[in-house]
Amino acid sequence: MDSLVLDMLSILRNSGSAGVAVFMVMHVALAMAGLPCSPLTLAAGILWGSSWGFAYSMLGLVLSCTATFIVSRKLGHRVIDLLPASLGTRLSTALSHSFFSDWKSAALFAANPIVPAASTGYLFGLTKVPFVSYMGATVLAVLPLQFAYVFLGDGLVTSFEHSSLTKAVFGAFLLGLILFFYKRTKSKE
């Protein structure tokens, strides 16, 4: 299994723009399935380093958020209509609550390291939050965590290539720090 993963990573790294396109398709597919894309964010750092890895992971996030939001905006209310009447009514009432009316709620959901940020488009596609507000808030909220994952991935490669753990340890520390502050912020609420 490890060999298969390493072979796939090697193929993506050495395939140029085709490898980047496959990465984007994988990112959107994971998001559409409601699965976390953070392993791909880590892989972006491994494959392309901090700079390009960060750029590609953010592009993957934007494409994934766009896909889930559009699918939900176009089809979500039809799915709610298929639910039993009492459940559909409660869900519609909850989604029309003022909490879901602006960019702040989108940022809160996206910054949460537990909920896959790219899949929150399914939720916010059902609300009145405009797409631009949702996307802007989501992108800004995930920047620190995205950078930490990419930097950690790049640090792992650097550690193996140069027998120095400095970058990987810093990346892990950065990731831990972000998670600590998130947990601390949540416990104050």
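Our subject is the structure that appears above.
A few points on the structure. (Residues numbered from 1 in each chain as written. Predicted model: local features only at pLDDT ≥ 70, side-chain atom pairs only at ≥ 80, totals over all residues. Heavy atoms only, no water.)

**Some remarks on the overall build of the chain**
Okay, step 1: Looking only at helices and strands, the chain features eight helices and zero strands.
Okay, step 2: In sequence order, the secondary structure elements of the chain are arranged as α-α-α-α-α-α-α-α.
Okay, step 3: Split into buried and exposed, the 189 residues of the chain put 39% on the buried side.
Okay, step 4: Across the chain, contacts joining residues at least 24 apart in sequence account for 72% of those joining residues at least 6 apart.
Okay, step 5: Carbon and sulfur atoms make up 72% of the accessible area of the chain, which amounts to about 10600 Å² in all. (Helix = DSSP H or I, 4+ residues; strand = E, 2+ residues; numbered from the N terminus. Buried < 20%, exposed > 50% of the residue type's maximum accessible area, 1.4 Å probe, protein only. Contact = heavy atoms within 4.5 Å. Areas by Shrake-Rupley, 256 points an atom, 1.4 Å probe, with all protein chains shown as cover.)

**Here we look at the layout of surface pockets**
Okay, step 1: Taken as a whole, the largest pocket spans an internal volume of roughly 270 Å³.
Okay, step 2: Along the walls of the largest pocket sit 20 residues, with Ser38, Val115, Pro116, Ala117 and Leu145 positioned nearest its centre.
Okay, step 3: Mapped onto the lining of the largest pocket, the elements with two or more residues apiece are α3 (38-82), α5 (103-111) and α7 (131-162).
Okay, step 4: For the lining of the largest pocket, the element with the highest residue contribution is α7, accounting for five residues.
Okay, step 5: Here the lining of the largest pocket is composed, by residue class, of 15 nonpolar, five polar and no charged. (1 Å grid on protein atoms, 1.4 Å probe; cavity = no way out; pocket = protein on both sides within 12 Å on 5 of 7 lines; lining within 4 Å. Points joined across faces, edges and corners; volume = space filled by probe spheres on them. Nonpolar A, V, L, I, M, F, W, Y, C, P; charged D, E, K, R; others polar.)

**Observations regarding the side chain of Gln146**
Okay, step 1: In this fold, Gln146 is placed in helix α7.
Okay, step 2: Of the residues examined, Gln146 reaches a relative accessible area of 9% and is grouped as buried.
Okay, step 3: For Gln146, the side chain forms a polar contact with the side chain of Ser57, separated by 3.3 Å.
Okay, step 4: Discounting chain neighbours no more than four positions away, the residues touching Gln146 are Thr41, Phe54, Ser57, Met58 and Leu61. (Polar contact = N/O pair within 3.5 Å; in protein donor to acceptor, adjacent residues only side chain to side chain.)

**Overview of the environment of Leu174**
Okay, step 1: Considering the arrangement of structural elements, one finds Leu174 in helix α8 (residues 166-188).
Okay, step 2: In this structure the C-alpha to C-alpha distance between Leu174 and Phe151, which are 23 residues apart in sequence, comes to 8.8 Å.
Okay, step 3: Contact partners of Leu174, with chain neighbours within four places excluded, come to Phe147 and Ala148.

**What about a nonpolar patch on the surface?**
Okay, step 1: Taken together, the side chains of Phe173, Leu177 and Phe180 present a nonpolar region at the surface, about 300 Å² in accessible area.
Okay, step 2: Structurally, Phe180 is set in helix α8. (Patch = residues over 30% accessible without salt bridge, like charges linked within 9 Å, V, L, I, M, F, W, Y side chains within 5 Å. Salt bridge = Lys/Arg side-chain N within 4 Å of Asp/Glu carboxyl O.)

**Quick notes on the side chain of Ser64**
Okay, step 1: Its location among the elements puts Ser64 in helix α3.
Okay, step 2: For Ser64, a relative accessible area of 0% corresponds to the buried category.
Okay, step 3: There is a polar contact of 2.7 Å between the side chain of Ser64 and the side chain of His27.
Okay, step 4: Excluding its chain neighbours within four sequence positions, the residues that come into contact with Ser64 are His27, Val28, Ala31 and Ala118.

**Quick look at the nonpolar core**
Okay, step 1: Core analysis: the biggest nonpolar cluster contains 18 residues, and Leu61, Cys65, Ala118, Phe124, Tyr134 and Val142 have the highest contact counts within it.
Okay, step 2: Elements that contribute at least two residues to this core include exactly α3, α5 and α7.
Okay, step 3: It is α7 that provides the largest number of residues to this core, a total of five residues.
Okay, step 4: Setting aside residues up to four positions removed in sequence, Val142 forms contacts with Met58, Leu61, Ala110 and Ala117.
Okay, step 5: With eleven residues, the next largest nonpolar core counts Leu12, Val20, Phe23 and Ala44 among its residues. (Core = buried A, V, L, I, M, F, W, Y, C linked by side-chain atoms within 4.5 Å.)

**What to know about the environment of Gly76**
Okay, step 1: Among the secondary structure elements, Gly76 is positioned in helix α3.
Okay, step 2: For Gly76, a relative accessible area of 11% corresponds to the buried category.
Okay, step 3: Each C-alpha atom, one on Gly76 and one on Gly125, is 7.4 Å from the other, the two residues being 49 residues apart in sequence.
Okay, step 4: Those residues in contact with Gly76 that lie beyond four places of it in its chain are Val71 and Leu126.

Geometric descriptors of this kind do not, in isolation, establish any biological role.
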